[in-house]
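# A structural walkthrough
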Amino acid sequence: MAQSEILQTDVLILGCGIAGGVHALELAEAGIDLTVVTRSPRAEESATLYAQGGIAYKARDDLPELLLNDILRAGAGLCHRPAVEILVREGPPLVRSILMEKIGVPFDRTTDDDFSLVREGGHSLNRILHAADTTGQLIETLLIERLRSFPNVRILTSTTAIDLLTPAHHSRNRLSVYEPLSCSGAYLLDQNSGRVIRCLARATVLATGGLGQIYLRTTNPAWARGDGLAMAYRAGARVINCEFVQFHPTAFYKENVSSFLISEAVRGAGARLVHEDGTTFMDQHEPEWKELAPRDVVARAIYREMLQRNVSNVYLDLRHQLSAEEIRTQFPWIHQQCLKHGIDITHDRIPVVPAAHYFCGGVWADEWGRTTLDHLYAIGEVSCTGVHGANRLASTSLLEGLVWGHRSAQHIRTTLHSRPIPHPNQIPPWEETGSEMPDPTLISQDMSVIKNIMWNYVGLVRSAQRLQRAIRELRHLEVEIERFYRQARLTDGLIGLRNAIRSALIVTIAAWENKQSIGCHFRES
Ligand code: SIN
């Protein structure tokens, strides 16, 4: 049976990709006591680690207004302009001061004074900084390495946040229910010992990433199952724009193999989308931009081609555009990953399908990352600042994580002294209800039902009938999962399953409520 212990910290940060990592680094430098929590055994494990394409910076002759216009165009009229203005004004200087100067990310260069800047779909200029196809891996590794050098930073790995601590829901003082909603930390499960930690914090930061794993096919790593979104929702935070799930056109496809991203940069280098017999098809769907049309357009074109031909995937063909040596140098990670599955991209075509890639909605957050709960911040993919509107422009997610990681840290640094330290007596220990270990087969079967419902009914192309069916089936499953959750012993898998079903319902209900096709939300009826 799990026991409960108390941990007091100034700032609790859930997740440590670029947003959580930059936030932690800035507070660590200010000497603030921090606890960084990740459910993976490796602190580096995050969506940032797998980001291939790069980070939007500035082209020669670029202006903040040009990037602003590209972001607004991709966002299909739904971006929050003040947030985009912050991003384009503060982003590039922070790339320089934090990523290049502070942690020393070795971005690719053409000469000693010139960065190798590439272009991705929707950008009007070549402004993407990258380090071959492992940009995120380098950023993440360097960030965590730096964080480990601070004595005031506690990194808890293999630790899963169960729920946010909100006095209105958890306090022993029943009168707290009359106070504005606020957050005083989180209940955390130590996966190894089974203990539940009451972590009390003066400020709590959600940096838990996205929810691609609620879909059958995704480019996201295994832990992206909507934990932060579901926890914030249960705590009463406002969540917005949740119908906007961006699908990437090209994830590696092989039956019974987890998909992984085949970067847009591969199409940027000239790769064509083809069928098994070699015929191209993007010319018929988007004659002007072809393979470099916006992501949602390319993804829907592939989806339609697959339906029409009744095939499980299409192919990316890079062989005639780059030499074998160029392919190995520009795309070393993709080359290696494909080789593991028997595909040598220097002479084979890459089997691909569209896959859930990025959650443009999330927990509402203002220009400092503040949510509608006092002392709770949301940054990075779990948040919705309005930067991405109805569809995200390529290579702006690392930039947003960087800017809001920095801004939220600035805000906490200057206001921490005025925040109350939650009293341990105020919040009771975790009360575990069940003692039986949950059956892993039930967890994986329920997870697979969620993934299939989301993929088939709440995917790239949505309809009233499919969404209605999805809501009915997901609601029924949620009742079952809640019962299961109350009766079994807590594990990371069970916590994730409960969060996945809640996140799936949040996305599906938002998709049902928005009757209009816009950006990455596409409805046939
Ligand atoms: C990619 O490399 O295609 C993904 C980049 C992004 O999602 O911004």
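Residues numbered from 1 in each chain as written. Predicted model: local features only at pLDDT ≥ 70, side-chain atom pairs only at ≥ 80, totals over all residues. Heavy atoms only, no water.

### Side note on the sheet that holds strand 15 (residues 350–359)
One open sheet accounts for four strands, arranged 12-15-14-13; its pairing is antiparallel. Two strands close off the open sheet at either side, each with one partner strand: strand 12 (245–252) and strand 13 (272–274). Across the sheet, the mean angle separating the axes of adjacent strands is 45 degrees when strand polarity is ignored. Pairing of strand 14 (residues 314–317) with strand 15 involves three bridges; the strand directions are antiparallel. Residue pairing in the sheet places Tyr315 in a bridge with Pro351 of strand 15. (Pairing = 2+ DSSP bridges. Helix = DSSP H or I, 4+ residues; strand = E, 2+ residues; numbered from the N terminus. Axes fitted to C-alpha atoms, helices over the stretch in contact; angles between N-to-C directions.)

### A few points about helix 4 (residues 135–147)
An ideal rise of 1.5 Å per residue puts 18 Å on 13 residues; helix 4 measures up with 19 Å between its terminal C-alpha atoms. Turning to helix 4, its buried residues are Thr135, Gly136, Ile139, Glu140, Leu142, Leu143, Ile144 and Leu147. Contacts made by the buried residues of helix 4 are with helix 1 (18–29), helix 3 (81–102), strand 6 (128–129), strand 7 (153–156) and helix 12 (397–415). (Expected span 1.5 Å × (residues − 1). Buried < 20%, exposed > 50% of the residue type's maximum accessible area, 1.4 Å probe, protein only. Contact = heavy atoms within 4.5 Å.)

### Topic: helix 3
In this model helix 3 runs 29 Å from its N-terminal to its C-terminal C-alpha over 22 residues, within 8% of the 32 Å that 1.5 Å per residue would give. At Gly91, helix 3 shows its maximal kink, close to 35 degrees; a proline, Pro92, follows between one and four residues later. (Bend = angle between axes of the 7 residues up to and from the residue.)

### Section: the site of the ligand
Residues in close proximity to the ligand include Gly53, His248, Leu261, Ser263, Glu264, Arg295, His357, Arg392, Ala394 and Ser395, which together make up its full environment. Taking His248, its side chain carries an N or O atom lying 2.8 Å from an oxygen atom of the ligand. Glu264 places a polar main-chain atom, nitrogen or oxygen, 2.6 Å from an oxygen atom of the ligand. Here the ligand has 260 Å² of accessible area as a free molecule, and 95% of this is covered by the chains. For the shell around the ligand, the residue count by class is two nonpolar, five polar and three charged. (Near = heavy atom within 4 Å. Polar contact = N/O pair within 3.5 Å; in protein donor to acceptor, adjacent residues only side chain to side chain. Areas by Shrake-Rupley, 256 points an atom, 1.4 Å probe, with all protein chains shown as cover. Nonpolar A, V, L, I, M, F, W, Y, C, P; charged D, E, K, R; others polar.)

### Some thoughts on the state of the cysteines
By definition, a disulfide links two cysteine residues through a covalent bond between their sulfur atoms. What the rule picks out here adds up to zero disulfides. The structure places no disulfide on Cys360, whose sulfur is separated from the nearest cysteine sulfur, that of Cys520, by 4.3 Å. Taking the relative accessible area as the measure of exposure, Cys360 reaches 2% and is therefore buried. Taking relative accessible area as the criterion, Cys520 reaches 4% and is therefore assigned buried. (Disulfide = S-S within 2.5 Å.)

### Structural notes on unusual backbone geometry
Within the chain, Ala76 stands out as a residue other than glycine whose phi angle is a positive 55 degrees. For Ala76, the location among the structural elements is in the loop between helix 2 (64–74) and helix 3. Judged by relative accessible area, which is 35%, Ala76 ranks as partly exposed. With phi around 70 degrees, His375 is a residue other than glycine that occupies positive phi space. Relative to the elements of secondary structure, His375 occurs in the loop between strand 16 (362–364) and strand 17 (376–378).

### Quick look at the sheet that holds strand 16
If you walk across this open sheet you meet the three strands as 11-16-18, and the pairing is mixed. Looking at the sheet topology across the chains shown, the edges are occupied by strand 11 (239–240) and strand 18 (383–384).

### Things to note about the side chain of Arg498
Along the chain, Arg498 turns up in helix 15 (residues 492–513). Assessed through its relative accessible area of 6%, Arg498 is described here as buried. Filtering out sequence-adjacent residues up to four positions away, Arg498 remains in contact with Asp163, Arg234, Ile481, Glu482, Tyr485 and Arg486.

### A word on the pattern of salt bridges
For the coordinates displayed, the defined rule picks out 35 salt bridges. Across the pair Glu5 and Arg195 runs a salt bridge, and its minimum N-O distance is 3.7 Å. Here the residue Glu5 occupies a position in strand 1 (residues 4–14), and Arg195 occupies one in the loop between strand 9 (185–190) and strand 10 (196–206), the gap between them amounting to 190 residues. The exposure class assigned to Glu5 is partly exposed, which follows from its relative accessible area of 33%. Across the pair Arg225 and Asp492 runs a salt bridge, and its minimum N-O distance is 2.9 Å. Linking Arg225 in the loop between strand 10 and helix 6 (227–235) with Asp492 in helix 15, this pair joins segments that are 267 residues apart in sequence. For the pair formed by Arg225 and Asp492, the shared burial category is buried. Counted as one network, the salt bridges with shared partners bring together Asp163, Arg234, Glu482, Arg486 and Arg498. (Salt bridge = Lys/Arg side-chain N within 4 Å of Asp/Glu carboxyl O.)

### Section: the confidence of the model for the protein
Taken over all residues, the pLDDT of the protein has a mean of 95, while the share at 70 or more is 99%. Between the elements of the protein, mean pLDDT differs from a low of 89, seen in strand 4 (residues 109–111), to a high of 99, seen in strand 16. (pLDDT = per-residue confidence, 0-100.)

### Some remarks on the packing of aromatic side chains
What the rule picks out here adds up to six aromatic pairs. Here Phe252 and Phe260 contribute two aromatic rings whose centre-to-centre distance is 4.7 Å and whose plane-to-plane angle is 10 degrees, an arrangement assigned as stacked. The class of Phe260 is buried, set by a relative accessible area of 9%. An aromatic cluster is defined as three or more aromatic residues linked by ring pairs; in this entry it consists of Tyr215, Phe247 and Trp455. Note that Arg349 overlies the ring of Tyr315, its terminal NZ or CZ placed 4.9 Å from the centroid. Across from the ring centre of Tyr485, 4.0 Å away, lies the NZ or CZ of Arg498, which sits over that ring. (Phe/Tyr/Trp six-rings, centres within 6.5 Å; stacked < 30°, edge-to-face > 60°. Lys NZ or Arg CZ within 6 Å of the ring centre and 35° of its normal.)

### A few points about the pairing of strand 10
Most of strand 10 sits out of view: 11 of its 11 residues are buried. Where strand 9 and strand 10 come together, five bridges link them in antiparallel fashion. Within strand 10, the position partnered with Gly185 by the bridge is Leu200. In sequence, strand 9 turns back onto strand 10 through a hairpin of five residues, with Gly194 there showing a positive phi of about 80 degrees. Note: strand 10 against strand 17, three bridges, orientation parallel.

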